[in-house]
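Below are the chains, spelled out letter by letter.
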Amino acid sequence: MRTNMKRIGIILFCFSVAVALSVVGNTWMAPRSEAWNAAADKAMVSSQTGDIKSRKAIKKGAKSRKNYKIALDAGHQRYANSGVEPVGPGSSTKKMKVAGGATGAATRTPEYKLTLKVAKKLKKALIAKGYQVYMVRNTNNVNISNKQRAVKANKSGSDIYIRIHADASASSGVRGASMLYPSPSNRYVKSLSKPSKKLSECILKSYCKKTGIQSRGLIKRDDLTGTNWSKIPVTLIEMGFLSNASEDRFMNRAANQEKMAEGIADGIDDYFGF
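Residues numbered from 1 in each chain as written. Predicted model: local features only at pLDDT ≥ 70, side-chain atom pairs only at ≥ 80, totals over all residues. Heavy atoms only, no water.

Quick notes on the overall build of the chain
Helix and strand content of the chain: seven helices and eight strands. The contacts in the chain between residues at least 6 apart in sequence include a share of 78% that link residues at least 24 apart. Entry remark: accessible area of the chain is about 15,100 Å², with carbon and sulfur atoms responsible for 55%. (Helix = DSSP H or I, 4+ residues; strand = E, 2+ residues; numbered from the N terminus. Contact = heavy atoms within 4.5 Å. Areas by Shrake-Rupley, 256 points an atom, 1.4 Å probe, with all protein chains shown as cover.)

This is the structure we're talking about:
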């Protein structure tokens, strides 16, 4: 009997100790559990924030040239069109639909041939970079007015519109490249002035650097039909003077046309931030 009572006493004692340790253990573990939960919550927030930043970085990195389309218009055409059209939407002022263009002083190359050669090389350079390209004309024997060219560019879904031309002057000594864009006071496309100016700056800087042709700067022009009918940022590049024998020869060399195209393409990269 004494042995049994002793055993029962030992069991009760062990049970009491176990209960006491459980209470103490729970009391001691509670603060640790709260701290652990707080740390876990912080880690989770940090992880979520990291995920958000990661997604933003991926989105930013997803910017791609393939998402942009460039409309190219090789200025002029084989035959001029002496008909007239409004210089801008709702305008009573009318201009010739398509002028004949300049002719090289030394090579006798007509402007419409030079512009298409450069436009085709530019298309190739842009596609190589990943851009989409829309060509207003692909041959010389067309009849597309300046207004129609702008409308085609608008309907093409392009992001910007590049008009490719060559200059001429009564003075054979004049040379250099310039960019023509609409002014902030243009009654037809004043909202396009700022982006068109930026586009012009980017292209002219890159073009002159690549070709070595001197810059004549940016010129505001509000009388250009092909510009005034545009609904997207637009610029007209005067690549050089065909009336200058030296510049005429330079622009009509195939190797130089490659440089001209690359210079314009690099400027487009700068405009879009690539």
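Observations regarding the nonpolar core
Ile70, Leu126, Ile162, Tyr207, Met239 and Ile268 are the most contacted members of the largest nonpolar core, which totals 40 residues. When neighbours within four sequence positions are excluded, Met239 is seen to be in contact with Leu114, Thr115, Val118, Ile164, His165, Ala166, Ala177, Tyr207, Ile213, Met251 and Met260. Formed by 10 residues, the second largest nonpolar core is a distinct cluster that contains Ala71, Val142, Ala153 and Tyr161. (Core = buried A, V, L, I, M, F, W, Y, C linked by side-chain atoms within 4.5 Å. Buried < 20%, exposed > 50% of the residue type's maximum accessible area, 1.4 Å probe, protein only.)

Digging into the pattern of salt bridges
One pass over the structure, following the stated rule, counts seven salt bridges. The shortest N-O distance in the salt bridge between Arg65 and Asp269 comes to 2.9 Å. Of this pair, Arg65 sits in the loop between helix 1 (2–61) and strand 1 (69–74) while Asp269 sits in helix 7 (residues 254–272); the two residues are 204 residues apart in sequence, bridging distant segments of the chain. Relative accessible area serves as the criterion here: at 24%, Arg65 is assigned to the partly exposed category. On the basis of relative accessibility, which here comes to 5%, the residue Asp269 falls in the buried class. In this structure, Glu262 and Lys210 form a salt bridge, with 3.5 Å as the shortest nitrogen-oxygen distance. Placement of Glu262 in helix 7 and of Lys210 in helix 4 (residues 193–211) is noted, with a sequence separation of 52 residues between them. Exposure remark for Glu262: the relative accessible area of 32% places this residue in the partly exposed category. With relative accessibility at 37%, the residue Lys210 sits in the partly exposed group. (Salt bridge = Lys/Arg side-chain N within 4 Å of Asp/Glu carboxyl O.)

Brief notes about helix 3 (residues 146–155)
Buried within helix 3 are the following residues: Asn146, Arg149, Ala150, Ala153 and Asn154. For helix 3, the buried positions fall inside an angular range of 140° around the axis, keeping them on one side. Looking at the buried residues of helix 3, the elements they touch are strand 1, strand 2 (81–86), strand 3 (94–98), strand 4 (132–135), strand 5 (160–167) and helix 5 (225–228). Where helix 3 terminates, the next one or two residues include Gly157, which has phi positive at roughly 80°. (Arc of directions from axis to C-beta.)

Some points on helix 4
An ideal rise of 1.5 Å per residue puts 27 Å on 19 residues; helix 4 measures up with 26 Å between its terminal C-alpha atoms. Looking at helix 4, one finds that the buried residues are Ser193, Ser196, Leu199, Ser200, Cys202, Ile203, Leu204, Ser206, Tyr207, Cys208 and Thr211. Those residues of helix 4 that are buried lie in contact with strand 5, strand 6 (177–181), strand 7 (215–220), strand 8 (234–241), helix 6 (245–251) and helix 7. (Expected span 1.5 Å × (residues − 1).)

Topic: the confidence of the model for the chain
On average, residues of the chain carry a pLDDT of 86, and 77% of them reach 70 or more. In this model, residues 43–60 is a region of pLDDT below 50 whose contacts with residues beyond four sequence positions or in other chains number zero contacts. (pLDDT = per-residue confidence, 0-100.)

Things to note about the packing of aromatic side chains
What describes a pair of aromatic rings is the distance from one ring centre to the other and the angle between the planes of the rings. Summed over the entire model, instances satisfying the criterion amount to five aromatic pairs. On the basis of an interplanar angle of 80° and a centroid distance of 6.3 Å, the ring pair of Tyr131 and Phe274 is categorised as edge-to-face. Pair noted here: Tyr131 is in the loop between helix 2 (111–129) and strand 4 and Phe274 is in the segment after helix 7, with a separation of 143 residues, a long-range link. The buried category is assigned to Tyr131, whose relative accessible area is 3%. Relative accessible area serves as the criterion here: at 28%, Phe274 is assigned to the partly exposed category. Through pairs of rings, three or more aromatic residues link up here, namely Tyr68, Tyr131, Tyr271, Phe272 and Phe274. (Phe/Tyr/Trp six-rings, centres within 6.5 Å; stacked < 30°, edge-to-face > 60°.)

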